[in-house]
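Tertiary structure, described
Each chain, written out:
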Amino acid sequence: MSLRQMSLQTSKIQEFIGTTASIEFQITTDPTRTAQKTFGSTLAPTSYSFLASALQVSGNGKRYQLRIPIRVIATDGNVLGLLPGQKIRANGSLLKSKELRVAALFVARQGFVVMTPPSKWAKSLGTVRTRLRELSRHDDAGALIPGMVLGDTSLQSADFKVAMRRSGLTHLVAVSGANFAIVSLFVLWCMQWIFRSMRARLIFTAIALICFIALVRPSPSVLRAAAMASVVLFAKGTGKKADPLPALGFAIAAVIIGDPWQGRDPGFALSVLATAGLLLLSPRISQWLEKYIPAPIAGALSPPIAAVVMCAPILIALSGYLGLMTVVANLLAAPMVAPITIVGFIAAIVAPFFPGFSTFLLFFIHFLAAWIAGVANWAARFPVLQLGKGMVGFLLGLLMIVVAIGFVYAVRSKRFVALGVTVLLLFGFVWVTRWPGGEWSIANCDVGQGDSMVINLGDHRGIVIDAGPDPQLEDRCLSQLGISTISLFVITHFHADHVEGIPGLLHNRKVEEVWVGIDHSPAEENSHVVKWLEGLPLHVAVKGSSTRVASDRGLIDIKVLWPEAGPVAEIPDYEDGTTINNSSVALDIRSPDFSLFAGGDIEPDSQMAVLPVQKTDLYKVSHHGSAYQSLELMKELSPQISFISVGLGNTYGHPSLETISALSKLGSKVYRTDKDGAIAILARDHKYFVRTSGGAWWKKVRLS
């Protein structure tokens, strides 16, 4: 890895970083649509990503011939028709990439010039993938089939991908050892009608698997599974006993030597750990379960349990949670996997030649896929165990493995006291390290570069102000807070970083009333919101509007301080930012326990217009703590606690050091989500206890 990293860092392409260049490159992976990201006020344009090998780079009077891997990002949707092996020329910007396996990030600004057509082999494989995608129904069940057969998830919606992840079924659409086992056994079974010799059958099966690798594309899990399959096939062909554990070791070594960066790939690690779980834990779990339940059920339960236990450290570190229904969902889905894989494989192979027959086959397995899709959506509705991301989640996952091994050992040795103590320690640690960690009054969600704040009304009810830019982060925060009913949802303005998370807010939750401002720009985001909130009661909030909401701690008074009522002029695109920011709904919120000012993204002009204001204890700093702040407003508010909702490493320079300094000079304690994570405040008679998800779990700051 060090040698390869050195070759990337000393490549001639480094001379063009930060400049515009013309590059000739050869595509190495299929172009895929990237997840659409929020870019301030609107969604960023849809982009497509793929790996390529740069062959020639020119610009600023220089031209070099080379062969170096790069990552290509393009906004031209026509790239989806390109196939690996094709040579392309394009102009664009070369940037430094955080991805260690590539020398640079190439952002194509113009259309591509196709220099070579795809090879017959690549075109044939591409046709198989395309035809299967076209013939599958474009619903959740239909989108599963290309994923389970070929690892093609392009038809899956964002919401369904979340459901698959929360239910623990994502592995079904990642072609891995299970797919290889099913396909190879099917091919080997078919070969008995053609070849008498076992060696001939194995050779043909090996050739079929090579073609299958090319068809599904050599992802980390595919390469690992292929390496294991090659060892097993060789062992059977030579008459030697095949031991799967050394085969796994060989697979790891072969893949890492061929591509060292796979050692840092979470997908590869999950693939290896899942296989290790099936080899090491599954037989023992099945053997123990057979003492209490029928053998077929024990055999079905043990693989998902073993895989989940072994993969727990990385799964939790990446997502921050573990689905409580994962094992059940896998058990319910398992009987459908083999029929879908085999019949779907046949349908894919014949699709370019006999589309009618392929459609006939897909019609039958669609019912099986619908079962799995239903299981995923059902299991996703259950709460997940929130454990925390990063190192904390990884260590908790390791602790789960220790508990699982201790469980098996304790049962076999009948040391139930030790088992009970271990389980109690595990759940006790999970309980005390959770966020918000018990009672809370106000919470500021960590939704990246955006805004979302929640006020606790008790009995799983809350007031939500803005929904952030990411549905998953919004849903996760509200789940952690235990909110199932939103008595009042306030949309301060329609910028994407405040509204694109609404689908997550609506997930399995009831919204009783919605407040919006007088300005419904930008039009694109407004149309999204209208569609999402169709059928809900909407109220236009203007200066002077007020309401009173009951909570378990008394009545909460909400008063709108801005904007003023009146006609709204059409806003040109070039004034999209400041003008819309200054139309944000600004609220003064007071209860027996706390006082709060939240003004969306209002900037100095509107901040001065709301004066005079009452002194407040809590201040949700406007516009993510930007430099555009009114010192007069800060002085009149004189908050004890100020919290800033901001994304780590954002390109806007938020929050401003001047803003933080001004608040600190007023004696306000400043919290920011990019450094502190989500912020939970417990208010009692205007005395405050603060706990952050990014801080030490044993530390709760008291301010009064």
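Residues numbered from 1 in each chain as written. Predicted model: local features only at pLDDT ≥ 70, side-chain atom pairs only at ≥ 80, totals over all residues. Heavy atoms only, no water.

Taken together, the side chains of F353, F354, F357, F360, F363, F364 and F367 define a hydrophobic patch exposed on the protein surface, amounting to about 810 Å² of accessible area. Relative to the helices and strands, F363 is located in helix α13 (residues 355-380). Relative accessible area serves as the criterion here: at 39%, F363 is assigned to the partly exposed category. (Patch = residues over 30% accessible without salt bridge, like charges linked within 9 Å, V, L, I, M, F, W, Y side chains within 5 Å. Areas by Shrake-Rupley, 256 points an atom, 1.4 Å probe, with all protein chains shown as cover. Salt bridge = Lys/Arg side-chain N within 4 Å of Asp/Glu carboxyl O. Helix = DSSP H or I, 4+ residues; strand = E, 2+ residues; numbered from the N terminus. Buried < 20%, exposed > 50% of the residue type's maximum accessible area, 1.4 Å probe, protein only.)

Turning next to helix α12 (residues 326-350). In this model α12 runs 34 Å from its N-terminal to its C-terminal C-alpha over 25 residues, within 8% of the 36 Å that 1.5 Å per residue would give. If you look at α12, its biggest bend is around 40°, right at A334, and the proline P335 turns up within four residues after that. (Expected span 1.5 Å × (residues − 1). Bend = angle between axes of the 7 residues up to and from the residue.)

Counted by the stated rule, this structure contains one disulfide. Each disulfide pairs two cysteine sulfurs, and for C445 the partner residue is C477, the sulfurs being separated by 2.0 Å. Here the disulfide of C445 and C477 is left-handed, its torsion about the S-S bond being about -80°. You can see C445 sitting in the loop between β12 (442-444) and β13 (453-458) and its partner C477 sitting in helix α16 (residues 471-481), a full 32 residues away along the chain. Exposure class is identical for C445 and C477. Each is buried. (Disulfide = S-S within 2.5 Å.)

It is worth spelling out the environment of A269 at this point. Turning to its location among the elements, A269 is positioned in helix α9 (residues 266-280). On a C-alpha basis, the gap between A269 and C311 in space is 8.4 Å, while along the polypeptide they are 42 residues apart.

Spatial ordering of the open sheet is given by β19-β20-β21-β22-β23-β24-β25, a layout of seven strands whose pairing is mixed. Of all the strands in the sheet, just β19 (546-551) and β25 (669-672) have a single pairing partner and so form its edges. Strand after strand, the sheet turns through a mean of 20° between neighbouring axes, direction not considered. Note that strand β21 (residues 586-590) and strand β22 (residues 595-598) share four bridges and pair antiparallel. Bridged to D588 within β22 is F597. Sheet strands touched by helix α23 (residues 657-665): β23 (618-620), β24 (641-644) and β25. Its angle to β25, the strand with the most contacts, is close to 145°. (Pairing = 2+ DSSP bridges. Axes fitted to C-alpha atoms, helices over the stretch in contact; angles between N-to-C directions. Contact = heavy atoms within 4.5 Å.)

If you check which residues of α16 are buried, you get E474, D475, R476, C477, L478 and L481. Of the residues flanking the start of α16, the one acting as N-cap is D470, its side-chain oxygen 2.8 Å from the backbone nitrogen of Q472. One or two residues past the end of α16 sits G482, with phi positive at roughly 75°. (Polar contact = N/O pair within 3.5 Å; in protein donor to acceptor, adjacent residues only side chain to side chain.)

As a further point, take the side chain of N650. Turning to its location among the elements, N650 is positioned in the loop between β24 and α23. A relative accessible area of 17% places N650 in the buried class. Engagement of the side chain of N650 in a polar contact is seen with the backbone nitrogen of G653, the distance being 3.2 Å. Among the polar contacts made by the side chain of N650, one reaches the main-chain carbonyl oxygen of H654 at a distance of 2.8 Å.

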